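Inside the fold
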Amino acid sequence: MTAPPTHADYQLSQLDQLEAESIHIFREAAAEFEKPALMFSGGKDSIVMLRLAEKAFFPAKIPFPLVQIDTGLDFPEVLSCRDNWVSRLGVHLVVASIDDAITSGVVVDDGKTSRNRMQTATLLNCVEENGFTAMFGGGRRDEEKARAKERVYSHRDDFGQWDPKNQRPELWSLYNGKLHGGEHMRVFPLSNWTELDIWHYLRHEGVELPTIYFAHQRRVFNRDGMWMSESPLNPCKPGEEVIEKTVRYRTVGDLTLTGAVESDADTLDKIIDEIAIARVTERGATRGDDRFSEAAMEDRKKEGYF
């Protein structure tokens, strides 16, 4: 004898299930950890996280601050969108600046290391200075190999480091948040999401996004097989020629390392169609700092990176 079918009103879509799981994680972590914070770059994943946090605690305000690690090389469109979100929600934003970290000696600028790699020490110093015991991050399971290894609750030792071979089991979605002095937890509410899920959710929610995610005319030049944005912060090298192309960005970060892709996807529907057939993740396709080696991201995460 087969069970009667579930009433249609009680059936959750895939997005509903992902949303419910993420909201549960936000509420669990907010209740368990003394001083959490949400890492917010202004990119699509952190915007989804912020939207989920908004829903998780509505009608109350989000009960923890946002943290941005400012490289000084962010796209202006992303910073503008970030400020609009912060203003609308009335949340507290902590900006940890790499320039300030260099001035104070937290980070040494040797003229060779990228600003993106300097984010690690800047973040760990911010965690220590503010006494944060948990940091919500936007890592997804399909984003990069090292991201897929990580648990929802990712333990960091008193040096801020991650040990991929010593992670806590999460059977039946039970999370172990026990910490010793000086340790903290990274919490990843989007662990079961994909890039395509992110875009479907953004279309469903109709929230503000940085305009550079949509196809637009831009002056770019080719560097190491990527289309880089013309900017005083990223001057051309000898032999590089600036041309105008219709491009968009799949991911946003340090503009000296983040490439655009040729695209005519100027709406969410077109972006979803484009991502549905993509065979390379956005980091693999357009992030220069992830091209150093197969283990580039994992090595950085062991040191304390996002």
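Keep in mind the model is a prediction, meaning the values are calculated, not measured. Within each chain, residue numbers correspond to sequence positions counted from 1 in written order. In keeping with the model being predicted, local features are shown solely for residues with a pLDDT of at least 70 and side-chain atom pairs are shown and tallied solely at 80 or more, while totals for entire chains, interfaces and linings include all residues. Just so you know, side-chain values use all the structure's heavy atoms and leave hydrogens and water out.

Attention now moves to the pattern of salt bridges. For this document, the term salt bridge refers to a Lys or Arg side-chain nitrogen within 4 Å of an Asp or Glu carboxyl oxygen. What the rule picks out here adds up to 17 salt bridges. Linking K55 and E19 is a salt bridge whose minimum nitrogen-to-oxygen distance equals 2.7 Å. Of this pair, K55 sits in helix α2 (residues 44-57) while E19 sits in helix α1 (residues 14-32), placing them 36 residues apart in sequence. Note on exposure labels: buried denotes an accessible area under 20% of the residue type's maximum, exposed denotes more than 50%, and partly exposed covers the range between, all computed with a 1.4 Å probe on protein chains only. Looking at K55, the relative accessible area reads 27%, which means it is partly exposed. With relative accessibility at 15%, the residue E19 sits in the buried group. E230 is the salt-bridge partner of R219, the closest N and O atoms lying 2.6 Å from each other. Of this pair, R219 sits in strand β7 (residues 216-223) while E230 sits in the loop between β8 (226-229) and β9 (243-248), and the two are eleven residues apart along the sequence. Classification of R219 by relative accessible area gives partly exposed; the value is 41%. Through salt bridges with shared partners, one network takes in E19, R51, E54, K55, R88 and E205. Numbering of helices and strands starts at the N terminus; helices are DSSP runs of H or I of at least 4 residues and strands are runs of E of at least 2.

Take the sheet that holds strand β4 (residues 134-136) next. Spatially, β3-β2-β1-β4-β6-β5 is the arrangement adopted by the six strands of the open sheet, whose pairing is mixed. Whereas interior strands pair on both sides, the edge strands pair on one side only; in this sheet they are β3 (93-97) and β5 (153-156). Mean inter-strand twist for the sheet, computed between neighbouring axes without regard to direction, equals 30 degrees. Of the strand pairs in this sheet, β5 and strand β6 (residues 184-187) are connected by four bridges, and their pairing is antiparallel. Looking across to β6, one finds that H155 is bridged to M185. Contacts are assigned to residue pairs with any non-hydrogen atoms lying within 4.5 Å of each other. Angles run from 0 to 180 degrees between N-to-C directions of axes, and those axes are lines fitted to C-alpha atoms, restricted for helices to the stretch in contact. Across the sheet, α1 touches β1 (36-39), β4, β5 and β6, and the angle it forms with β4 is around 160 degrees. Along the sheet, helix α5 (residues 115-130) contacts β1, β2 (66-70), β3, β4 and β6; its crossing angle with β3, the most-contacted strand, is approximately 135 degrees. Paired strands, in this sense, are two strands between which DSSP finds at least two bridges.

Let us look at the packing of aromatic side chains. Ring pairs shown here join Phe, Tyr and Trp side chains whose ring centres sit within 6.5 Å, with only the six-membered ring taken for Trp; geometry is labelled stacked below 30 degrees between planes, edge-to-face above 60, and tilted in between. Following the criterion strictly, the structure yields nine aromatic pairs and no others. Ring plane angle 15 degrees and centroid distance 6.3 Å describe the contact between F26 and F64, whose orientation is recorded as stacked. Of the two residues, F26 is situated in helix α1 and F64 in the loop between α2 and β2; the sequence distance between them amounts to 38 residues. The same class applies to F26 and to F64, which are both buried. Aromatic side chains F57 and F64 sit 5.8 Å apart centroid to centroid with 85 degrees between the ring planes, which places their arrangement in the edge-to-face category. Taken as a pair, F57 and F64 share a single burial class, namely buried.

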